[in-house]
Amino acid sequence: MQVFKYLSIIFLSTILISCGSNAKQRKSDFSLSTNAKKGNIFLNETLEIKLKNKKNHIIDSVSFIMDGQKIEESTPLSDVKLGKHNIEATVYYNNEKQVTSTSITILNNEAPKIYTYNIVNEYPHDITSYTQGIEFFNNNLYESTGQYKESKLRELDYKTGNIIKNIDLADEYFGEGLTILDDKIYQLTWREGTGFVYDVNTFDKISSFKYGNSKEGWGLCNNDTTIYKSDGTENIWLLDPNTLVEQSYIQVYTNKGKIVGINEMEWINGKIYANRYQKDGVAIINPNNGAVIGVIDFSSLKEKVTQHQKLDVLNGIAYNPETNTIFVTGKRWDKLFEVEIVEN
């Protein structure tokens, strides 16, 4: 009897597991298709959605949702963000409901313009600084540097390279990008999931903050009302400057595909200028939809600094409103370049 009892329990458990598995694996009676070729469609095209009714149910109603917003079977893609999007259809039939989905990738409809540069001035830069972010405030340059046990926050006289203020981060932090808003400096760390807020005048630490869905800290910039944060992927996150909560994000795409490694950033005349890690160029990004509208080729700039064993990649871009010019440097570069951008 005892053996029979155990066999009964095992048999019942198997039935329950099987039933549960079948319930989870039940396929939808509906599916979606679109006119996106291989899943890709361009900005300003019209998205066409078709619902396939596999069992010819009598459908009462269907609603389509993309990114939480209701769309129609035929929807112009004019005022949308680029990148991957999920399309979901909710189908009501015979007092039942089923949900089915598909995904598309929206690409920019134009190739980015190519720009190059002219050097206006050269200034000294600390050759030991592993530059992660630079930004101007009141005509002085602020810099965040990286590497464990080497990370710093500095205020510099950019013309001489002299250090006005300096604080060292604790050894366990790897400094990343920074931005300045409302007399506060916001500085990221790399993999520690923590950012710091300082008084711009005293360098006193005011507070710290944690990241949300962005797992790493790379670059920061702002447009006076929103802070933009990169995390090394194609995503740029929009943060509320009061709470530092990630409210939304844009995905950086060209007419060919996504652009990853978005790093140090600067807000310049309504656009985001972004270094790409391990690349010799800067992407000019439309902050409304993530489109790369231009690329600045700085590939020859690294040759103009002192060549040494620890020399690393281009990184560091800042706009000085006092001179209306752009400044760029790199990791362990001994020069800061003031440049003007020209179309190729």
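Procedures and definitions
Residues numbered from 1 in each chain as written. Predicted model: local features only at pLDDT ≥ 70, side-chain atom pairs only at ≥ 80, totals over all residues. Heavy atoms only, no water. Pairing = 2+ DSSP bridges. Helix = DSSP H or I, 4+ residues; strand = E, 2+ residues; numbered from the N terminus. Axes fitted to C-alpha atoms, helices over the stretch in contact; angles between N-to-C directions. Buried < 20%, exposed > 50% of the residue type's maximum accessible area, 1.4 Å probe, protein only. Lys, Arg positive; Asp, Glu negative; His and termini not counted. Salt bridge = Lys/Arg side-chain N within 4 Å of Asp/Glu carboxyl O. Polar contact = N/O pair within 3.5 Å; in protein donor to acceptor, adjacent residues only side chain to side chain. Contact = heavy atoms within 4.5 Å. Phe/Tyr/Trp six-rings, centres within 6.5 Å; stacked < 30°, edge-to-face > 60°. Lys NZ or Arg CZ within 6 Å of the ring centre and 35° of its normal. 1 Å grid on protein atoms, 1.4 Å probe; cavity = no way out; pocket = protein on both sides within 12 Å on 5 of 7 lines; lining within 4 Å. Points joined across faces, edges and corners; volume = space filled by probe spheres on them. Nonpolar A, V, L, I, M, F, W, Y, C, P; charged D, E, K, R; others polar.

## Thoughts on the sheet that holds strand S10 (residues 131-137)
An order of S10-S11-S12-S13 is seen for the four strands of this open sheet, with the pairing classed as antiparallel. With one partner strand each, in any of the chains shown, S10 and strand S13 (163-168) form the two edges of the open sheet. Shown here is a sheet whose adjacent strand axes are inclined to one another by a mean of 15 degrees, direction ignored. Inspection of the sheet shows strand S12 (residues 152-156) paired to S13 by five bridges, in the antiparallel sense. Each bridged residue has a counterpart across the sheet, and for Lys 152 the counterpart in S13 is Asp 168.

## Details of the side chain of Glu 264
Looking at the element boundaries, Glu 264 is found in strand S22 (residues 262-268). One buried charge, Glu 264, has no salt-bridge partner; the nearest side chain with opposite charge is Lys 331, at 9.3 Å. Within polar-contact distance, the side chain of Glu 264 engages the backbone nitrogen of Ile 317 at 3.0 Å. Apart from the residues lying within four places of it in its own chain, the contact partners of Glu 264 are Gln 132, Gly 133, Ile 134, Gly 219, Leu 220, Tyr 273, Ala 274, Asn 275, Asn 315, Gly 316 and Ile 317.

## Section: the packing of aromatic side chains
Within the structure shown, the criterion is met by 19 aromatic pairs. Among the aromatic residues, ring-to-ring pairing joins Tyr 123, Phe 136, Tyr 158 and Phe 327 into one connected group. Stacked on the ring of Phe 203, the Lys or Arg Lys 165 has its end atom at 5.8 Å from the ring centre. If you follow Lys 205 out to its NZ or CZ, it ends over the ring of Phe 196, 4.1 Å from the centre.

## Some thoughts on the layout of surface pockets
Quantified by volume, the largest pocket comes out at close to 350 Å³. In terms of lining, the largest pocket is formed by 19 residues, of which the most central are Glu 135, Phe 136, Asn 222, Asp 224 and Trp 267. Those elements giving two or more residues to the lining of the largest pocket turn out to be S10, strand S14 (175-181), strand S18 (219-222), S22 and strand S26 (314-320). When grouped by side-chain class, the residues that make up the lining of the largest pocket number eight nonpolar, six polar and five charged. Surrounding the second largest pocket, 14 residues form its lining, Met 66, Asp 67, Val 80, Lys 81 and His 85 being those nearest its centre.

## Looking at the pairing of strand S7 (residues 83-93)
Across seven bridges, strand S4 (residues 59-66) lies against S7 in antiparallel orientation. Residue Phe 64 lies in a different strand from S7, and its bridge partner there is Ala 89. In the sheet, S7 pairs with strand S8 (residues 96-107) via 11 bridges, with the strands oriented antiparallel. Bridge assignment links His 85 to a residue of S8, and that residue is Ile 104. Connecting S7 to the antiparallel partner S8 that follows it, the hairpin turn spans two residues, and Asn 94 within it adopts a positive phi of roughly 45 degrees.

## Description of the sheet that holds strand S5 (residues 69-71)
For sheets, the rule is that strands pair by backbone hydrogen bonds, running either parallel or antiparallel. Within the open sheet, the five strands sit side by side as S2-S8-S7-S4-S5. Their pairing is mixed. The open sheet has two edge strands, strand S2 (40-42) and S5, and neither has a second partner. Between one strand axis and the next, the sheet turns through 40 degrees on average, direction left out of account. The pairing of S4 with S5 spans three bridges and is antiparallel. Each bridged residue has a counterpart across the sheet, and for Phe 64 the counterpart in S5 is Ile 71.

Everything listed here is a matter of geometry and, on its own, says nothing about what the molecule does.
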